[in-house]
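Residue-level listing of the chains:
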Amino acid sequence: MSTFDPSKAYAQQEQVYFNDGREAQLLRHIQSRKDIDSLIGSPERVLAAIDEFGRQEKYLMNVGEDKGSIVTKLIRETRPKVMVGLGSYVGYSVILFGSAARAAGGLAYHCLERNAEFAGIARSLIDLAGLGGFVQMTVGPSDDSLRALHAASQLAHIDLLFLDHHKPSYLPDLQLCEQLGLVRNGTLLVADNVVKPGNPPYLAYVRSDVESKKRAYASAADGAVRGDPNLVYESELIPSFEPTGIPDGVEVTICIGPDNPPFLCLAPWTTAIVLATCLYHFVVKHAEPEPTASKKTILVTGVSMSKGLALARLFHQQGHTVIGADVDALACGRVSRAVRRFYHLPAPASNPSSRLGKTSHYVEALVRIAKREEIDLWVSVSGVGSALQDSVAKDVMERLTTTKVIQFDAQLVTTLDAKDTFIDYVRNQGLKVPDSHRIRDRNDLISFLVSRGGLVQKPGSTRYLIKPVGVDDAARLDMPLLPLSTEKQTLSRIDTLRFRMSSYIAQEFVQGNEYCTHSLVIRGRVRAFVGCRSSDLLMRYEALPQNSPLCQSMRRFTTAVAEHAGDAFTGHLSFDFMVRPSSGGSDEAGQIYPIECNPRAHTAVVLFRDTPQLANLYLSALDPDVGGSKVLYPQHVQRFYWFGQDLVETLFCPAYNIICRGEGSIKGLLSQVALFTDHVLYWKDGTFEAWDPWPFWWLYHVQWPARMVYCLVSGKKWEKANVSTGKMFEVA
């Protein structure tokens, strides 16, 4: 415990120490200062002025420098995107922590204050400190405010919760946050005044085990806020001092996740299903494919993902030898019957060009595999972060070995992957694109919006989606549509963007449905193509009919891009389109607008599961005469889902909301049960194959649980996951 500096002590606390007019006196004192202009926009100077009043005039019940430094250090270390402060008083903690959160790349600071007079004084000082556009003040009882913010979708989760309001409200407000789903894995709780005056009920709760909380949950009165007893906390008291020098402390608590990982609790059932499937195929003796005269050795990378596994299985079923590789040592593809041997790859460098021309360990490992296994064809199934490294590896591999590679070169990947350069690339070919503009900073965005009609939304006017140019999980999940209904709202929303950490593009918002495509391009020719509806995370796939006007329109666009690139253009090419419906409301006759390009394999390739001809088209990279000249579409109309993702999103989450948060209805849950049942009975799982069942089991009981354990141990925070690609969308 550090020592207290007596020279910084506040005036002694009186018997009546707040709400006696001193708060208004503080505001007048600061506003009447001769150096008031020097305080404008300076959180540090405003805080110093408040401290000066507390030391020289009257005691103020602020968090103070000592305890405040504990919290600001946590903010710098954890970089919370969304912080909530319960209780503002005169705004000291809001200014101190809001300034730290903004500097750490935070998106929002919500301050909840019950007393309207205190809130008004705090707002004046917050504005003086230049934090008015970052801090959102909500006045009223804290429980009502939390419910209102959540219901209005203004508060979906909390990264750091600071409790410094009415002491008996600490525990019920925390339990309300749990019940609303605002507390999740990685959420930090910081409670002030747990020594003076103390808060035994709160401390007992955050320090108790799950079983104790479950017993209390079961005995709680009907209608009471009961929280979520399954959340596991680690908690520690950090001793410190009140601003007067009296010993106090803050309780720092971190949520390390729910008690029961949902996939592991299903292990006995899924294991029984997989064993039964294996026994059945042992009895009926599932025939291994006969090697063909043109048998090749094919390297498929990315076999931890459904798309990589799907291609490995296709090649195996056609009699080829498949070598699998992935940066995930626990990739589900390593236990597939389709994979002869599996190699664990080192993680690719985040920026290949930063290595000053040196070949990375990732590239070196791929070249070693190609030489050792005498690979004929490498089918690169890239993740979001490895496409550029795979393009570097392509150049090295084709220079040093006889292996041919299904992968675009580095320059094309760089151009197509970035949203701004992709739009320019397509526009220069004379193809129709949405109005788009690269945004350099805050002023550039404001100028752009003004040039397009202003900072206020007008009826019938065009709005713009502000999208990160590169890979940024936090920004990707928080893309504002501007302008808003008032100029103040627009400017406040602009202030939440992370210009120091991300580059943005302002792209015309096209009202309509979104579609995605996947294609295989060999030497500038589209050899295989599929299109389907898109959605958030896209965990359900159904191919558009190949002869539908919309499918053909998207294929023609893809063909135009591929042919323009020429004979050197070989790889996987995927596009996202927005479709503005026709005057009759039909997407089929609508106008397509390309909004993004993914120069890598798309998960939609699973739609080719029962289309063995696709394997031969890949071999046309080795022999131009293989595969014919027609574009291949999926031969069987099938619908795909992912059992684990559907189970959590369709069943577990609605049931959890009803049981633990009091939201939703039994009728709604039953409709979700019917939807899940329909998927199980009539759709196909994107990973499960009866002749190759172990990757399905491994995915949910080894690969994903291992990732979740890693997140718990490392403190990595995430808020969404995609089972098919292995992608976890980070909060920070």
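Named according to an unreviewed UniProt entry, the protein is catechol O-methyltransferase originating from Cordyceps militaris. Quoted verbatim from the Sequence similarities (unreviewed entry) field of the UniProt record, the comment on the protein reads "Belongs to the class I-like SAM-binding methyltransferase superfamily. Cation-dependent O-methyltransferase family."

(A) Layout of the overall build of the protein. Helix and strand counts for the protein come out as 26 helices and 25 strands. With the C-alpha coordinates of the protein rotated into their principal frame, the extents come out at 95 × 60 × 55 Å. Counting the 732 residues in the protein, one finds 54% classified as buried. For the protein, restricting intrachain contacts to residue pairs at least 6 apart in sequence, the fraction spanning at least 24 positions comes to 72%.

(B) Just the packing of aromatic side chains, in detail. For the coordinates displayed, the defined rule picks out 21 aromatic pairs. Aromatic pair tyrosine 89 and phenylalanine 118: ring centres 5.2 Å apart, planes at 85°, arrangement edge-to-face. Note that tyrosine 89 is positioned in the loop between β1 (82–86) and α5 (92–103) and phenylalanine 118 in helix α6 (residues 116–128), a separation of 29 residues in sequence. Neither residue differs from the other here; tyrosine 89 and phenylalanine 118 are each classed as buried. Seen in terms of ring centroids, phenylalanine 643 and phenylalanine 676 are 5.6 Å apart; in terms of plane orientation they differ by 50°. Their pairing is tilted. Placement of the pair is phenylalanine 643 in helix α24 (residues 643–661) and phenylalanine 676 in helix α25 (residues 666–682), with a sequence separation of 33 residues. Grouped by ring-pair contacts, the aromatic residues Phe643, Phe676, Phe688, Phe696 and Tyr700 constitute a single cluster. Above the ring of tyrosine 205, the side-chain terminus of lysine 213 is found at 5.1 Å from the ring centroid. The lysine or arginine in question, arginine 533, covers the ring of tyrosine 515, its NZ or CZ lying 5.5 Å from the ring centre.

(C) Broad picture of the environment of arginine 463. Locating arginine 463 in the fold gives a position in the loop between α19 (442–451) and β14 (464–468). Spatially, the C-alpha atoms of arginine 463 and proline 549 are 28 Å apart, while their sequence positions differ by 86 residues. If we skip the residues at most four places from it in the chain, arginine 463 touches Gln457, Leu481, Leu482, Pro483, Leu484, Gln507, Glu508 and Phe509.

(D) Inspection of helix α10 (residues 200–207) at higher detail. Taken as a whole, α10 has its buried residues at Tyr202, Leu203, Tyr205 and Val206. Projected down its long axis, α10 shows its buried positions confined to an angular sector of 160°, all on one face.

(E) Focus on the pairing of strand β17 (residues 513–522). Most of β17 sits out of view: 8 of its 10 residues are buried. Across 7 bridges, β17 lies against strand β20 (residues 571–580) in antiparallel orientation. Looking across to β20, one finds that tyrosine 515 is bridged to phenylalanine 577. In terms of strand pairing, β17 meets strand β18 (residues 525–533) through 8 bridges, oriented antiparallel. Bridge pairing in β18 links leucine 520 to alanine 528. The hairpin turn running from β17 into β18, its antiparallel successor, is 2 residues long, and arginine 523 in that turn takes a positive phi close to 50°.

(F) Broad picture of the sheet that holds strand β10 (residues 341–344). Ordered in space as β10-β9-β8-β11-β12, the 5 strands form an open sheet in which the pairing is parallel. Across the chains shown, the open sheet's two edge strands, defined by having one partner strand only, are β10 and β12 (404–406). Sheet twist, expressed as the mean angle between neighbouring strand axes with direction ignored, is 20°. Bridge count for strand β11 (residues 377–379) against β12 is 3 bridges, and the pairing is parallel. Within the sheet, the bridge partner assigned to leucine 377 lies in β12 and is lysine 404. Here helix α14 (residues 306–317) sits on the sheet in contact with β8 (297–301), β9 (321–326) and β11, set at roughly 170° to β8.

(G) The sheet that holds strand β15 (residues 481–482), seen in detail. With antiparallel pairing, 4 strands are arranged side by side in an open sheet as β13-β16-β14-β15. In the strand order of this sheet, the two ends are held by β13 (436–439) and β15, each with one partner. Where β14 meets β15, 2 bridges bridge the pair, whose relative direction is antiparallel. Across the sheet, the residue bridging to tyrosine 464 is leucine 482, located in β15.

(H) Expanded view of the packing of helix α15 (residues 361–373) against helix α16 (residues 387–400). Close contact between α15 and α16 brings their axes to 9 Å; oriented N to C, the two are set at 40°. The pairing of α15 with α16 is recorded here as oblique in orientation. Crossing hand, α15 versus α16: right-handed. Of the residues in α16, those in contact with Tyr362, Val363, Leu366, Val367, Ala370 and Lys371 of α15 are Gln389, Asp390, Val392, Ala393, Val396, Met397 and Leu400. Of the residues contributing to the contact of α15 with α16, the split by class is 10 nonpolar, 1 polar and 2 charged.

(I) Inspection of helix α3 (residues 43–56) at higher detail. The end-to-end C-alpha distance of α3, which contains 14 residues, comes to 20 Å, matching closely the 20 Å that a straight helix rising 1.5 Å per residue would cover. When α3 is considered as a whole, its buried residues turn out to be Pro43, Val46, Leu47, Ala49, Ile50, Asp51, Phe53 and Gly54. Turning to α3, the residues buried within the fold contact α1 (22–31), α2 (36–39), α4 (64–78), α5 and α6.

(J) Quick look at the pattern of salt bridges. Counted under the stated rule, the structure contains 28 salt bridges. Note that glutamate 65 and lysine 8 form a salt bridge whose closest N and O atoms lie 3.3 Å from each other. With glutamate 65 in helix α4 and lysine 8 in the segment before α1, the pair connects residues that are 57 residues apart, well separated along the chain. Salt-bridge contacts for aspartate 328 lead to arginine 707; the nearest nitrogen and oxygen are separated by 2.7 Å. Residue aspartate 328 is located in the loop between β9 and β10, and its partner arginine 707 is located in helix α26 (residues 694–714); the two are separated by 379 residues in the primary sequence. For the pair shown, aspartate 328 and arginine 707 are each scored as buried.

Thresholds applied
- Residues numbered from 1 in each chain as written.
- Predicted model: local features only at pLDDT ≥ 70, side-chain atom pairs only at ≥ 80, totals over all residues.
- Heavy atoms only, no water.
- UniProt positions renumbered as here; feature names shortened; annotations may be inferred.
- Helix = DSSP H or I, 4+ residues; strand = E, 2+ residues; numbered from the N terminus.
- Buried < 20%, exposed > 50% of the residue type's maximum accessible area, 1.4 Å probe, protein only.
- Contact = heavy atoms within 4.5 Å.
- Phe/Tyr/Trp six-rings, centres within 6.5 Å; stacked < 30°, edge-to-face > 60°.
- Lys NZ or Arg CZ within 6 Å of the ring centre and 35° of its normal.
- Arc of directions from axis to C-beta.
- Pairing = 2+ DSSP bridges.
- Axes fitted to C-alpha atoms, helices over the stretch in contact; angles between N-to-C directions.
- Parallel < 35°, antiparallel > 145°, perpendicular 65-115°, else oblique.
- Left-handed = near helix turned anticlockwise from the far one by under 90°.
- Nonpolar A, V, L, I, M, F, W, Y, C, P; charged D, E, K, R; others polar.
- Expected span 1.5 Å × (residues − 1).
- Salt bridge = Lys/Arg side-chain N within 4 Å of Asp/Glu carboxyl O.

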